[in-house]
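Read off the chains here:
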Amino acid sequence: MAFKTALYDLKTEWYKALDGVISVPVYKDAVPISESGNFVLIRSEGSTSGDLNNSAFFQSAIILVDIYTKFATIGNSKIAYDIAQEIYDEIILSPNSFGITIPNHQITQITVQSETELYEDDGAEKTYRLIQRFEHILNQN
């Protein structure tokens, strides 16, 4: 089988695994302008080819999970971290068991590469964002 990029399928599987399952709405790629509450946005950052050999294609793919929370007075990081735990409960079941699969690929590892906290206040709305960067190590079947 020829090389197949996994990024679109991976992002779609993240969305399907979380949408309607966790306590807040989940969006893929973009958020409707009408959204006024807490939500999760799933985006892809990119992928790279890994080690090459004569029998397999390996890739590293990055999915960004942006947990976006809104507040009337002051942000509270606890809400975002509670949502993050809901996500972990659905995606990272154990060190070698995951809640997603993608066609033609085996996911051998998912790790949190980084977490970024952003508190924003534009005078009218206060938001707290927890942006998590998940790396996936994939082997094409």
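Details of the structure are given in the entry above.
Presented here is a report on the structure given in the accompanying data block. Quick caveat: nothing in here was measured; it's all calculated off a predicted structure. (Residues numbered from 1 in each chain as written. Predicted model: local features only at pLDDT ≥ 70, side-chain atom pairs only at ≥ 80, totals over all residues. Heavy atoms only, no water.)

Our focus in this paragraph is the pattern of salt bridges. Under the defined criterion, the tally for this structure stands at eight salt bridges. Ionic pairing is found between K11 and D29, a salt bridge with its closest N-O pair at 2.8 Å. Pair noted here: K11 is in helix α1 (residues 7–18) and D29 is in the loop between β1 (26–28) and β2 (39–52), with a separation of 18 residues, a long-range link. A relative accessible area of 9% places K11 in the buried class. Among the salt bridges present, the one from E13 reaches K16, with a minimum N-O distance of 3.0 Å. Taken together, the residues E13 and K16, both in helix α1 and three residues apart, mark about one turn of the helix. Here E13 falls in the buried class, since its relative accessible area comes to 18%. (Salt bridge = Lys/Arg side-chain N within 4 Å of Asp/Glu carboxyl O. Helix = DSSP H or I, 4+ residues; strand = E, 2+ residues; numbered from the N terminus. Buried < 20%, exposed > 50% of the residue type's maximum accessible area, 1.4 Å probe, protein only.)

Even without a glycine there, the phi angle at D29 is positive, about 75°. Since its relative accessible area comes to 41%, D29 is described here as partly exposed. Phi is positive for N104, which is not a glycine, with a value near 65°. The residue N104 is located in the loop between β5 (97–98) and β6 (105–121) in this model. Residue classification places N104 among the partly exposed positions, given a relative accessible area of 29%.

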